[in-house]
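# Examining the three-dimensional arrangement
Take a look at the letters that make up each chain.
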Amino acid sequence: MILRLSLSALLLAGTALGATPAAASTAPPAVVQAQAATTPVLTSAEDWRRMAETGGQYPMFAAEQARVERMVRAAMNREIDVPVPRDPGGGYTHEQHKRNYQAIYSAGALYRLTGDRAYADFARELLLRYADLYPTLGAHPAGRGQIPGRVFWQTLNDSVWLVYSVQGYDAIRETLSDADRQKIDDLVFRRMARFLSDETPNNFERIHNHATWAVAAVGMTGYVLRDAEMSEKALMGLQKDGSAGFIAQIDQLFSPDGYYEEGPYYQRYALAPFIIFARAIEQNDPARGIFRHRDGVLLKAVDTLVQSSYGGYFIPINDAILDKGLDTEELVTGVAIAYARSRDPGLLSIAERQGRTLLSPDGLSVAQGVAEGAARPFDFRSVLLRDGADGTHGGLGILRENGEDGQALVFKATAMGMGHGHFDKLNWLFYDNGQRVVTDYGAARFLNIEAKAGGIYLPENNSWAKTTVAHNTLVVNERNQFGGDWRVGEDRAPEVLFFETGEGTQIVSARQTGAYDGVIFTRTQALVEHPDLGLPLVIDLLRATGSANARYDLPLHYNGHIMNVGFEAQRAVAERPVLGRADGYQHLWVDASTAAAQQTRSLTWLLDGRFYTWRFGASAPSRAILAETGANDPDFNLRREPLLIQRVDGQSEVSFFGVLEPHGRYDGTAETVTGASSRIQDIRRVRGDGAEVIVLTLSSGRTLALGVADDVTAGAAHSVSADGQTWRWTGPWARLDR
């Protein structure tokens with residue numbers, strides 16, 4: 001064990017805290033033991049010294065240190081404020097306690113990097129105030145749920161406070177007097193850790209992101225307080241038998257591909273405690289090989305999260321807020337810690353985009369790599385991210401063409417995603433030209449904005465955002481999938497039938513059983529290129545079979561301004577009727593609708609200088625309904641967004657088919673328009689024995705055809721004939737152009 005020089009001697013020498021081997025050789029054993037009980041354990045003294053000595057050489061690290069110094073100095077210039085908790089999320093006391101943990105965390109790092117005792121003293125004073133306050137607190141007065149927090153309205157935020165504060169405390173702990181250290185140990189960290197574990201076992205032992213924050217907080221506190229039992233409970237559950245705790249969460253919440261059950265938005269949020277605690281485990285218990293656990297699934301999770309983004313923003317499935325992206329604090333942390341272990345140069349390009357890193361050894365590695373020009377473009381690629389602990393509970397398909405901001409088709413065939421999941425099995429989204437074209441509403445929430453229900457999820461999150469009609473997938477009899485019960489949906493994940501990414505055609509298919517009683521539906525989508533078309537297009541085929549006649553609706557939520565309605569419709573000009581009464585339909589104004597007909601139809605809209613034409617039809621007479629969100633919304637909580645619904649009534653089975661074609665360009669500056677007309681003249685569906693063919697007739701006279709079989713057996717042969725033409729192929733699907 002290395003012995004420290006005294007603090008005063010180090011400061012006189014103008015160095016950061018750090019030991020010299022010579023000092024250790026003459027120190028009495030009792031002194032060595034006392035020092036060992038207080039030296040930093042989450043980041044070693046040697047690593048702190050290395051950062052202090054070399055960090056200024058790397059612009060990204062130096063800039064981050066300067067940014068943090070400005071923030072902490074501003075906090076130090078204000079009167080210390082540790083208020084009695086009062087407000088829910090977004091309120092003054094909530095935000096002040098957030099600022100305080102950020103200040104404790106950052107002041108600890110700055111003390112280690114600069115040797116300036118003022119930073120340590122500031123963190124000490126904050127923590128002593130918490131030592132006075134925390135023992136007086138009971139359940140938060142604005143407490144939310146069955147387990148309210150004490151400092152915050154929910155235990156989740158208490159856990160976040162502890163994760164960051166204990167890191168700052170670890171950095172300054174050896175500077176404290178014995179009395180101050182004992183007071184802060186016992187009245188803040190030990191008490192809070194006990195509250196988050198033994199006193200709230202129902203939260204601590206969940207397999208859920210709230211529990212991930214709790215076990216990370218308690219486990220890291222155990223390391224800092226040298227309490228092995230506390231850390232073991234965090235790792236293995238309160239019974240220390242592996243039935244709960246951090247290891248169980250890694251095993252159950254991530255798929256083998258690193259996909260997190262609740263989706264990218266919550267993967268972003270949960271990534272921080274997973275990756276921060278894992279780094280603490282690696283530092284203090286390297287024999288566990290935590291970053292090798294399950295074939296390195298935590299490092300895969302960082303790559304998967306970046307893959308689950310478009311144009312810098314996370315794909316907003318399930319309860320997601322649209323403006324969260326690659327620059328979030330959690331991913332800054334994830335990129336730094338993952339890069340320090342993988343040395344993946346693609347992660348450095350993400351760090352460059354983020355424009356910052358951590359004041360940690362991992363952040364130093366990132367800053368050094370960037371400064372040395374090691375960054376390479378991140379490999380945004382087509383992937384199937386399997387869902388479920390064993391990878392058999394569906395998956396998220398992402399098909400890409402033409403780089404990060406080119407075309408991306410997202411096919412959602414994932415598991416439910418627990419309580420944050422939406423009732424949207426076999427939903428899809430489409431991105432192009434850096435824009436959201438076929439959209440997902442995400443969550444109905446204005447995070448931490450008190451004026452909107454205190455910043456929590458709005459009532460419309462259940463009445464609209466989670467509903468099936470709020471997504472681009474099948475609705476039966478105007479009801480939510482799984483009867484609107486996510487617990488039912490947990491046991492009925494889709495089955496991915498195939499996923500292939502060959503040149504010119506990328507395709508994915510899945511089947512959903514049990515979303516509606518007696519109904520099975522299969523969806524196949526392809527991202528297709530053709531030399532007669534300027535850009536890749538999407539072909540969509542959804543086939544539903546039921547045990548009784550039903551109403552089948554297929555919505556399409558799109559982003560842009562309508563240029564052309566390619567069908568006759570009755571417009572609702574003077575009054576806007578409401579489409580339905582429940583399950584999201586009560587929030588839809590009807591703008592136009594058609595009578596039922598067998599014909600195919602089209603709709604063209606303009607978005608950011610590019611045109612999009614959706615051609616669509618069904619195997620039975622269908623209606624087209626143009627609608628907009630906003631009905632029955634007295635508090636104006638919903639965004640006004642358009643959608644198109646294709647409706648088939650009174651059928652036991654139906655096939656919906658469509659093609660989305662990006663085309664042309666509008667230049668508002670030059671006042672020029674090119675390619676505003678679709679290059680597809682017609683779309684038709686041909687059904688044969690156990691298979692279907694979608695045929696597109698192009699303006700060039702050629703045809704683009706996609707055959708899709710009901711039987712996905714690799715060697716099965718298929719033949720479909722109509723109007724004197726026959727299409728033959730082997731396997732689940734084939735391109736059949738002529």
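Everything below is about the structure printed above this text.
Let's shift gears to the sheet that holds strand β4 (residues 395-401). Taken together, five strands build an open sheet; the order of strands is β3-β4-β5-β6-β7 and the sheet is antiparallel. Among the strands making up the open sheet, the edge pair consists of β3 (383-386) and β7 (435-438). The mean inter-strand angle of the sheet, taken between neighbouring strand axes irrespective of direction, is 20°.

Our focus in this paragraph is the pairing of strand β22 (residues 680-688). Side-chain positions along a regular strand alternate between the two faces of the sheet. In this structure, β22 lies alongside strand β23 (residues 691-698), joined through eight bridges in antiparallel fashion. Considered in β23, the bridge of Asp 682 is made with Thr 697. Counted between consecutive antiparallel strands, the loop separating β22 from β23 contains two residues, among which Gly 690 sits at a positive phi close to 75°.

For Asn 318, which is not glycine, the phi torsion reads 60° and is therefore positive. Its location among the elements puts Asn 318 in the loop between β2 (313-314) and α16 (329-342). Accessibility expressed as a relative area gives 0% for Asn 318, which makes it buried. Of note, the phi angle at Asn 433 is positive, near 60°, even though the residue is not glycine. With respect to the helices and strands, Asn 433 occurs in the loop between β6 (427-432) and β7. Its relative accessible area of 28% is what places Asn 433 among the partly exposed residues.

Take the environment of Asn 433 next. Sequence separation between Asn 433 and Gln 651 is 218 residues, and the spatial gap between their C-alpha atoms is 38 Å. Apart from residues lying up to four places away in sequence, Asn 433 is in contact with Tyr 310, Asp 405, Gly 406, Asp 608, Arg 610 and Tyr 612.

All right, on to the packing of helix α14 (residues 264-284) against helix α15 (residues 293-307) then. Where α14 contacts α15, the two axes come as close as 10 Å, and the packing angle between them is 150°. Judged by the angle between their axes, α14 and α15 are roughly antiparallel. The handedness of the crossing between α14 and α15 is left-handed. When α14 is examined against α15, the residues Pro 264, Gln 267, Arg 268, Leu 271, Phe 274, Ile 275 and Ala 278 are found in contact with a partner set consisting of Leu 298, Ala 301, Val 302, Thr 304 and Leu 305.

Scanning the model with the defined rule gives 54 salt bridges in all. In this structure, the salt-bridge partner of Glu 478 is Arg 551, at a minimum N-O distance of 2.6 Å. Here the residue Glu 478 occupies a position in the loop between β8 (475-476) and α20 (486-490), and Arg 551 occupies one in strand β12 (residues 537-557), the gap between them amounting to 73 residues. Judged by relative accessible area, Glu 478 falls into the buried class, the value being 17%. By relative accessible area, Arg 551 is classed as partly exposed at 24%. A salt bridge links Arg 647 to Asp 553, with the shortest nitrogen-to-oxygen separation between them at 2.8 Å. Here Arg 647 is found in strand β19 (residues 642-663), whereas its partner Asp 553 is found in strand β12, with 94 residues between them in sequence. Each member of the pair, Arg 647 as well as Asp 553, is classed as buried. Because the salt bridges share partners, they merge into one network encompassing Glu 478, Arg 551, Asp 553, Arg 647 and Asp 649.

With 18 residues, helix α5 (residues 59-76) ought to run about 26 Å at 1.5 Å a step, and its terminal C-alpha atoms sit 25 Å apart, in line with that. Regarding α5, the residues found buried are Met 60, Phe 61, Glu 64, Gln 65, Val 68, Val 72 and Ala 75. Here the buried residues of α5 occupy an arc of 130° about the axis, which is enough to place them on one side. Exposed and facing more than 90 degrees away from the buried side of α5 are Pro 59 and Arg 70. On its buried face, α5 is in contact with α4 (45-54), α6 (92-114), α7 (117-133), α17 (345-354) and α18 (361-371).

Let us now look at the pairing of strand β10 (residues 505-516). Within β10, ten of the twelve residues are buried, leaving the element largely enclosed by the surrounding structure. In this sheet, β10 lies alongside strand β9 (residues 495-502) in antiparallel orientation, the contact comprising seven bridges. Residue pairing for β10: Gly 502 is matched across the bridge by Thr 505. Hairpin geometry of β9 and β10 is characterised by an intervening segment of two residues between the two adjacent antiparallel strands and by a positive phi of about 90° at Gly 504. Here β10 runs beside strand β11 (residues 519-528); their pairing, made up of ten bridges, is antiparallel. Bridge assignment links Ala 510 to a residue of β11, and that residue is Arg 523. Here β10 folds back onto β11, and the loop between the two strands holds two residues, one of which, Gly 518, carries a positive phi near 80°.

Reading the values: the criteria
- Residues numbered from 1 in each chain as written.
- Predicted model: local features only at pLDDT ≥ 70, side-chain atom pairs only at ≥ 80, totals over all residues.
- Heavy atoms only, no water.
- Pairing = 2+ DSSP bridges.
- Helix = DSSP H or I, 4+ residues; strand = E, 2+ residues; numbered from the N terminus.
- Axes fitted to C-alpha atoms, helices over the stretch in contact; angles between N-to-C directions.
- Buried < 20%, exposed > 50% of the residue type's maximum accessible area, 1.4 Å probe, protein only.
- Contact = heavy atoms within 4.5 Å.
- Parallel < 35°, antiparallel > 145°, perpendicular 65-115°, else oblique.
- Left-handed = near helix turned anticlockwise from the far one by under 90°.
- Salt bridge = Lys/Arg side-chain N within 4 Å of Asp/Glu carboxyl O.
- Expected span 1.5 Å × (residues − 1).
- Arc of directions from axis to C-beta.

On their own, these measurements won't tell you what the molecule is for.
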